[in-house]
Amino acid sequence: MEFSLFGTTEETNQDVKPTEMKPEPDIRNVIVIGSGPAGLAAGLYTARAHLEPLLLTGNDIGGQVSLTSEVENYPGFPASITGPELVQKMQEQAEKFGVDVRIDTVTDANLDVYPFELTTYEGTYKTKALVIATGATPRKLDVPGEERLIGRGVSYCATCDGWFFNGKEVVVVGGGDSALEEGLFLTRFASKVTIIHRRDKLRAGKTLQKRAFNNDKIAFIWNSVVEEIIGDEKVSGVRLHNKVTGEDSVFSTDGVFIFIGHTPNSQLFQEQLEVDEHGYLVVDRHYSTSKEGVWAAGEIADSTFRQVVTSAGMGASAAIMVERWLGEKAAEEA
Ligand code: NAP
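What you see is a predicted model, and the numbers here were worked out from it, not measured in a lab. (Residues numbered from 1 in each chain as written. Predicted model: local features only at pLDDT ≥ 70, side-chain atom pairs only at ≥ 80, totals over all residues. Heavy atoms only, no water.)

Of the regular secondary structure elements, the protein holds six helices and 19 strands. By principal-axis analysis of the C-alpha atoms, the protein measures approximately 75 × 40 × 35 Å. In the protein, which comprises 334 residues, the proportion classed as buried is 49%. Intrachain contacts of the protein at a sequence separation of at least 6 include 60% that bridge at least 24 residues. For the protein, the accessible area works out to roughly 16,400 Å², and carbon and sulfur atoms hold 48% of it. Charge centroids of the protein, computed over 32 positive and 49 negative side chains, lie 7 Å from each other. (Helix = DSSP H or I, 4+ residues; strand = E, 2+ residues; numbered from the N terminus. Buried < 20%, exposed > 50% of the residue type's maximum accessible area, 1.4 Å probe, protein only. Contact = heavy atoms within 4.5 Å. Areas by Shrake-Rupley, 256 points an atom, 1.4 Å probe, with all protein chains shown as cover. Lys, Arg positive; Asp, Glu negative; His and termini not counted. Charge placed at Lys NZ, Arg CZ, Asp CG, Glu CD.)

Below you can see the structure in the form of structure tokens.
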């Protein structure tokens, strides 16, 4: 199909400004997939470049930050802000500048045709440029009892489910920032929070470690893995294996909160774009994927930093590259 950024040929010339860019009726200039910080930042920047972006939220509206209790390290919020509030503000800002935010999920993507084609629950879309910001999903333990007891004591979200454990005892599995941060949050409700870690050293940052060690409600079980989650109608305990002593034991608990990392949501693109050995999309320093015209931002392309601020930065950077690329392409074809 003929590529034309500005719709009518009379308007196209080398001096055309981004403000004059109008999408063709059924072809978008840019579609952003994902509504976390990366997607919303990409939407904001492409909207401010008058590219009239469409943002498809996906099922997990707001992304992982919307499941985070307190965000203490996003610049500009010295008193901290809750994850849902922060992402809500980002969405408000994006919509204020004209991002077309639609609650819809992409079920198929064809990047071998141009414009690229996306199929969603609601219909099909064509787009000249694509920003993939589909993020990552909390990893599961994959042990007996886990799946069956989700919502009956097994949870991956302290913000969502912490309240249900008022005055109860819970365990947190993991030794990273998420485990400690969410474990600390759970002390607001639970009478005791026991953090179960598979090693004897935490991966989490020193500040969180200090806060956790100083909290009377938090205890640790070291060098241990959860081999089974026990309970009939609801969780009653976990079966543990100590990797150093070889000892097996049962630890009684009312709830199991699992924070053991993430899996990138790249399933739709794995056959069409280059991915690394863990399934993260491979991008260059400008966040361009292996396919020209397709960018990736946020955790889908970042297994290292995974911060709200870095994801938002990636989204903004990808958007700037989209604007430049579309502008150059239009100028070439003028
Ligand atoms: P993470 O840093 O990858 O930590 C995952 C933890 O789970 C590790 O301690 C790991 O153990 C353990 N683990 C992994 N698989 C396991 C299994 N099958 N069974 C038992 N334990 C298992 O993940 P995260 O804590 O979700 O953090 C992700 C990223 O977000 C990090 O970059 C983190 O810095 C960032 N983050 C930052 C903040 C903040 O700055 N406030 C808050 C949350 C997250 P090992 O240590 O033995 O590998």
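The subject of this paragraph is the domain arrangement of the protein. Domains assigned within the protein are domain 1 (27-138 + 262-333) and domain 2 (154-258). A straight line from the C-alpha centre of domain 1 to that of domain 2 covers 32 Å. Taken together, the contact pairs six residues of domain 1 with nine residues of domain 2. Summed over both sides, the interface of domain 1 with domain 2 buries roughly 650 Å², with 48% coming from carbon and sulfur. (Domains from an automatic or database assignment. Buried area = accessible area lost by both parts, 1.4 Å probe.)

The next point concerns helix α2 (residues 83-96). Taking 1.5 Å of rise per residue, the 14 residues of α2 would be expected to cover 20 Å, and the 20 Å separating its terminal C-alpha atoms lies within 8% of that figure. Residues of α2 that are buried include every one of Gly-83, Leu-86, Val-87, Met-90, Gln-91 and Ala-94, and no others. Axial view of α2: buried residues confined to an arc of 135°, hence all on one face. Gly-98 occupies a position one or two residues after α2 and carries a positive phi of about 105°. (Expected span 1.5 Å × (residues − 1). Arc of directions from axis to C-beta.)

Now for the site of the ligand. Close contacts around the ligand come from 21 residues, with Asp-177, Ser-178, Glu-181, Arg-199 and Arg-203 the closest. Within the side chain of Asn-73, one N or O atom sits 2.9 Å away from an oxygen atom of the ligand. Here the ligand loses 80% of its free accessible area of 910 Å² to cover by the protein chains. Ranked by residue count, the leading element in the shell around the ligand is helix α4 (residues 177-186), at three residues. In terms of residue class, the shell around the ligand is built from four nonpolar, ten polar and seven charged. There are two domains that each give the shell around the ligand at least three residues, and those are domain 1 (27-138 + 262-333) and domain 2 (154-258). (Near = heavy atom within 4 Å. Polar contact = N/O pair within 3.5 Å; in protein donor to acceptor, adjacent residues only side chain to side chain. Nonpolar A, V, L, I, M, F, W, Y, C, P; charged D, E, K, R; others polar.)

Let us now look at the packing of aromatic side chains. If you walk through the whole model with that rule in mind, you get eight aromatic pairs. The interplanar angle of 70° and the centroid separation of 5.4 Å between the aromatic rings of Phe-185 and Phe-189 together place this pair among those described as edge-to-face. Judged by its relative accessible area of 10%, Phe-185 is buried. Taken together, a centroid distance of 4.8 Å and an interplanar angle of 5° make the contact between Phe-220 and Trp-222 stacked. Assessed through its relative accessible area of 18%, Phe-220 is described here as buried. With a relative accessible area of 29%, Trp-222 lands in the partly exposed category. In textbook terms, an aromatic cluster arises when at least three aromatic residues are bridged by ring pairs, as seen for Phe-213, Phe-220 and Trp-222. The ring of Phe-97 carries the charged tip of Arg-48 above its face, separated from the ring centre by 4.6 Å. Lying across the ring of Tyr-114, Lys-329 places its NZ or CZ 5.8 Å from the centre. (Phe/Tyr/Trp six-rings, centres within 6.5 Å; stacked < 30°, edge-to-face > 60°. Lys NZ or Arg CZ within 6 Å of the ring centre and 35° of its normal.)

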